[in-house]
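Architecture and fold: a report
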Amino acid sequence: MSKTFFGHPRGLATLFFTEMWERFSFYGMRAILILFMTTETAQQGLDLDTTTAGAAYGLYTAAVYLLSLPGGWIADNVIGQRKAIWYGGILIMIGHAILAIPAGPGVFFFGLAFVAVGTGFLKPNISSIVGSLYEDEGQREGEDMGARRDAGFSIFYMAINLGSFFGQIFVPLLANYNWHMGFGLAAVGMFLGLIYFRMTEEESFGKIGLAPEKQQLVSSVEETSGSSVMKYIIPSTLILVLIVLQVTGRVDLTSIVGIAEAMKYVIVLVAVTYFAYVLIAGNLTSTEFKKVLVIVMLFIGGATFWSGFEQAGSALNLFARDFTDRNIFGWDMPAGILQSVNSGFIIIFAPIIGAMWVWLAKKNLNPRTPIKFGLGLILLGLGFYFMVMAAQVATEGARAGMFFLVLTYFFHSIGELFLSPVGLSSITKLSPKRYLGQMMGLWFVATSLGNLIAGTFGGNFDPSNVQQMPDLFWTFVLLPVGVGLIFIATNPVVKKWMGDIH
Ligand code: GLN
């Protein structure tokens, strides 16, 4: 076997194929999730009402990203990235295998919990080990190691989207015959990823990603105990808030919909308390203080973006099934397959947008991060404008053409390329070193919050609600465009806060 992978460390190949199969299973299953939950039992579905299914979908996808916080922590401090990837993958595979059992909602949600916990272990750690591959490399003549690492991440992003693309085609195709065969295929995908990981792990990683030494463990536990206030203040405030929400009747914690509502308050509260804590008691210099304020802004921008973008798997998936004409030369394409359009656009446009930034940078015209965020949000809003039009067709009782969804996904994908990679790298640059892990964690929390909002919002899209659909989608034209314009308008001030960071 060759020692390099397209000129990159051999380990990148292992991460590439493992992540590719993991995303195949994750997005393949996600493409049919809400459809399965809202299909009648006569057609082997769970027959949940749309609101409950949307809430369950939102809670599941939010949990996936939220669980990456403990998943990352346990790997860093206890078991190392390699074991976290391996055991996470096994949990994911078991989860999909459970989903493949034709049983009721209880067994189904049990399987989803396995996938969520497993992904929480696998996803953050497989991403951070990509960076570790480049740490031990000596500087080679004339080579910029930062650029090499960025190139490594771009190749990795291709793996994500290749896996998603094919998962979102083959799983819905099989699920069209039998839902549980679809879920089973997701389990097979993860199984292939695990085999590849096991076979190549030793030669790929050497000492990278092993469990930390005892010495390191002690010091990291000491470091984290510095935030012990957080350990008590956050949990007790949360419990208090949950009691108040329940007692005042604001949410009903005995239903899935109520839990999803409460979860929004919980996530927002954790983020607000955490940021306030770092800003007030984090011993920040005035430069660091301003940079953390920028991270707060990126958090708000990220959460807004994902709350629209992640409707792909909820509202837009339901719209594809119930209100879209999916007929291609007499073949009725399964709705879930339209989910693959985003990954397809990312595979095509990631290199083009990447090259565009480099080209603009050479002319000193590369837009600053807040501008890219602003434009990403505006693109998201523009994308939803096509959904407003599609929903208008549906209110007239006709089925909308597929091109509406394809155009929406086109704008959303370009928006993703403006905002998502830039968000990740800006956080690593803006965060004070000692808070880096936690700030990265908060970026995932923004994704989690976005997913939760997207899921519960998707709960509005049942066929009895057709007349309101254009207005519902309008919200997601106005909200991101509004937030995007704020990003652009405040750029002159924010760029000063960012100091030397672009
Ligand atoms: N599609 C990307 C992935 O799966 C990003 C998803 C997200 O951050 N919401 O990694």
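Residues numbered from 1 in each chain as written. Predicted model: local features only at pLDDT ≥ 70, side-chain atom pairs only at ≥ 80, totals over all residues. Heavy atoms only, no water.

1. Notes on the pattern of salt bridges
For the coordinates displayed, the defined rule picks out twelve salt bridges. Residue Arg30 pairs with Glu310 through a salt bridge whose shortest N-O separation is 2.7 Å. Residue Arg30 is found in helix α1 (residues 11-37), and its partner Glu310 is found in the loop between α10 (286-309) and α11 (315-323); the two are separated by 280 residues along the sequence. Comparing Arg30 with Glu310 shows no difference in burial state: the two are buried. Between Asp332 and Arg326 there is a salt bridge, and its shortest N-O distance comes to 4.0 Å. Through salt bridges that share partners, Glu19, Glu22, Arg23 and Lys123 make up one connected network. (Salt bridge = Lys/Arg side-chain N within 4 Å of Asp/Glu carboxyl O. Helix = DSSP H or I, 4+ residues; strand = E, 2+ residues; numbered from the N terminus. Buried < 20%, exposed > 50% of the residue type's maximum accessible area, 1.4 Å probe, protein only.)

2. A closer look at α1
One full turn of an α-helix is made of 3.6 residues, so residues set three or four places apart face in the same direction. The first and last C-alpha atoms of α1 sit 38 Å apart over 27 residues, in line with the 39 Å expected at 1.5 Å per residue. The principal kink in α1, of about 30°, is found at Ala31. Of all 27 residues that make up α1, 25 are buried, and the element is covered over most of its length. (Expected span 1.5 Å × (residues − 1). Bend = angle between axes of the 7 residues up to and from the residue.)

3. Description of the site of the ligand
Near the ligand you find Arg23, Tyr27, Tyr65, Lys123, Tyr157, Ile160, Trp306, Glu310, Glu416 and Thr447, and these make up its full shell. With respect to the ligand, the side chain of Arg23 contributes an N or O atom lying 2.8 Å from an oxygen atom. One of the side-chain nitrogen or oxygen atoms of Lys123 is found 2.6 Å away from an oxygen atom of the ligand. Contact with the protein chains covers 90% of the free accessible surface of the ligand, which is 300 Å². Going through the elements one at a time, α1 and α5 (145-177) are the ones with two or more residues in the shell around the ligand. Of the residues that constitute the shell around the ligand, the class distribution is five nonpolar, one polar and four charged. (Near = heavy atom within 4 Å. Polar contact = N/O pair within 3.5 Å; in protein donor to acceptor, adjacent residues only side chain to side chain. Areas by Shrake-Rupley, 256 points an atom, 1.4 Å probe, with all protein chains shown as cover. Nonpolar A, V, L, I, M, F, W, Y, C, P; charged D, E, K, R; others polar.)

4. With respect to the confidence of the model for the protein chain
For the protein chain, per-residue confidence averages 91 on the pLDDT scale, and residues scoring 70 or more make up 94% of the total. Contacts of residues 218-222 to residues separated by more than four positions or lying in other chains number one contact, the stretch itself having pLDDT below 50. (pLDDT = per-residue confidence, 0-100. Contact = heavy atoms within 4.5 Å.)

5. Re the nonpolar core
In terms of nonpolar packing, the biggest core is built from 126 residues, with Met29, Met37, Tyr60, Phe108, Phe319, Met439 and Phe473 touching the most fellow members. It is α1 that contributes the most residues to this core, 15 residues altogether. Leaving out residues up to four positions away in the same chain, Phe473 has contacts with Gln311, Leu316, Phe319, Phe384, Met387, Val388, Ala391 and Phe461. Of all hydrophobic cores here, the second largest spans ten residues; its members include Ile353, Leu379, Phe386 and Leu417. (Core = buried A, V, L, I, M, F, W, Y, C linked by side-chain atoms within 4.5 Å.)

6. Let's talk about the packing of aromatic side chains
Within this structure, the stated rule accounts for 38 aromatic pairs. Centroid distance Phe36 to Phe108: 4.9 Å. Interplanar angle 40°. Geometry classified as tilted. Within this pair, whereas Phe36 is found in helix α1, its partner Phe108 is found in helix α4 (residues 105-132), the two being separated by 72 residues in sequence. Judged by centre distance (5.6 Å) and plane angle (20°), the ring pair of Phe305 and Phe309 falls under stacked. One end of the pair, Phe305, and the other, Phe309, are both in helix α10, four residues apart, so they sit about a helical turn from each other. In terms of burial, Phe305 and Phe309 fall into one category: buried. Among the aromatic residues, those joined into a cluster by ring pairs are Phe319, Phe323, Phe384, Phe457, Phe461, Phe473 and Phe476. Taking the ring centre of Phe26 as reference, the NZ or CZ of Arg23 above it sits at 4.3 Å. The ring of Trp86 has Arg198 lying over it, and the distance from NZ or CZ to the ring centre is 4.0 Å. (Phe/Tyr/Trp six-rings, centres within 6.5 Å; stacked < 30°, edge-to-face > 60°. Lys NZ or Arg CZ within 6 Å of the ring centre and 35° of its normal.)

7. Topic: the environment of Thr395
Following the sequence through the fold, Thr395 ends up in helix α13 (residues 369-395). Owing to a relative accessible area of 21%, Thr395 belongs among the partly exposed residues under this scheme. Placed 71 residues apart in sequence, Thr395 and Val466 show a C-alpha to C-alpha distance of 5.7 Å. Excluding anything up to four places from it in sequence, Thr395 contacts Val466, Gln467 and Pro470. Here the side chain of Thr395 touches Gln392 through a polar contact of 2.5 Å, landing on its backbone oxygen.

8. With respect to the packing of α1 against helix α3 (residues 68-99)
It is at 11 Å that the axes of α1 and α3 come closest, and there the two elements cross at 30°. Considered as vectors, α1 and α3 are oriented roughly parallel to each other. Taken as a pair, α1 and α3 cross one another with a handedness that is left-handed. Note on element contacts: α3 touches α1 through Ile85, Ile92, His96 and Leu99, opposite Thr18, Glu22, Ser25, Phe26 and Met29. A class-by-class count of the residues in the contact of α1 with α3 yields five nonpolar, three polar and one charged. (Axes fitted to C-alpha atoms, helices over the stretch in contact; angles between N-to-C directions. Parallel < 35°, antiparallel > 145°, perpendicular 65-115°, else oblique. Left-handed = near helix turned anticlockwise from the far one by under 90°.)

9. Examining the environment of Gly11
Along the chain, Gly11 falls in helix α1. It is 19 Å that separates the C-alpha atoms of Gly11 and Asn161, two residues lying 150 residues apart in sequence. For Gly11, the contacting residues outside a window of four places in its chain are Leu133, Ser204 and Phe205.

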